[in-house]
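# A look at the structure
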Amino acid sequence: MMKGGLGNLMKQAQRMQQELQQAQEKLADEEVDAEAGGGLVRVTMNGRHEVRRIQIDDSLLQDDKEMLEDLVAAAVNAAVQKVASVQEERLSGLTAGMGLPAGMKLPF
């Protein structure tokens, strides 16, 4: 009886791993938008954390370089946080039924 339960658990774990991999591949292509400076700088990033596009409002081109650099960095950081949040939200649904301890992440 123990072997049957363990076998079923292993099959469930393999199925879960396949579902997680498929979800991660789908998320890798998904894009998020983030902004800084009230929308003066916008960044589009995909789930692989690749910056796909940066849009800078023309009004910033007359301002000092340091402020522009800070706004670009802030927008990129916001996009990174947004990607992480989307990934966590989407993947948490797949792992919810597994009864994993809080904070434990897959794959191991």
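Now for a look at the structure at hand. (Residues numbered from 1 in each chain as written. Predicted model: local features only at pLDDT ≥ 70, side-chain atom pairs only at ≥ 80, totals over all residues. Heavy atoms only, no water.)

Here His49, not a glycine, exhibits a phi torsion of approximately 65°, which is positive. Mapped onto the fold, His49 is located in the loop between β2 (41–46) and β3 (51–56). (Helix = DSSP H or I, 4+ residues; strand = E, 2+ residues; numbered from the N terminus.)

With that settled, the discussion passes to a nonpolar patch on the surface. Residues Val51, Ile54, Ile56 and Leu61 make up a contiguous nonpolar surface patch of about 320 Å² in total accessible area. Mapped onto the fold, Ile54 is located in strand β3. (Patch = residues over 30% accessible without salt bridge, like charges linked within 9 Å, V, L, I, M, F, W, Y side chains within 5 Å. Areas by Shrake-Rupley, 256 points an atom, 1.4 Å probe, with all protein chains shown as cover. Salt bridge = Lys/Arg side-chain N within 4 Å of Asp/Glu carboxyl O.)

Judged by pairing direction, the sheet is antiparallel, and its 3 strands sit side by side in the order β1-β2-β3 without closing on themselves. Edge positions in the open sheet fall to β1 (31–36) and β3, since each of these has one partner strand only. The sheet shows a mean angle of 15° between the axes of neighbouring strands, taken without regard to direction. Strand direction decides the pairing type here: β1 and β2, joined by 6 bridges, are antiparallel. For Asp33, the partnering residue across the bridge sits in β2 and is Thr44. (Pairing = 2+ DSSP bridges. Axes fitted to C-alpha atoms, helices over the stretch in contact; angles between N-to-C directions.)

Turning our attention to the pattern of salt bridges. Counted under the stated rule, the structure contains 8 salt bridges. Note that Arg52 is salt-bridged to Glu31, the shortest N-O span being 3.8 Å. Remark: Glu31 occurs in strand β1 and Arg52 occurs in strand β3; sequence separation between them is 21 residues. The exposure class of Glu31 is partly exposed, given its relative accessible area of 39%. Its salt-bridge partner being Arg53, residue Glu31 comes within 3.8 Å of it at the nearest N-O pair. With Glu31 in strand β1 and Arg53 in strand β3, this residue pair connects regions lying 22 residues apart in the sequence. For Arg53, a relative accessible area of 41% puts it in the partly exposed group. Where salt bridges share partners, they join Asp29, Glu31, Arg48, Glu50, Arg52 and Arg53 into one cluster. (Buried < 20%, exposed > 50% of the residue type's maximum accessible area, 1.4 Å probe, protein only.)

Spatial relationships are all this shows, so hold off on functional conclusions.
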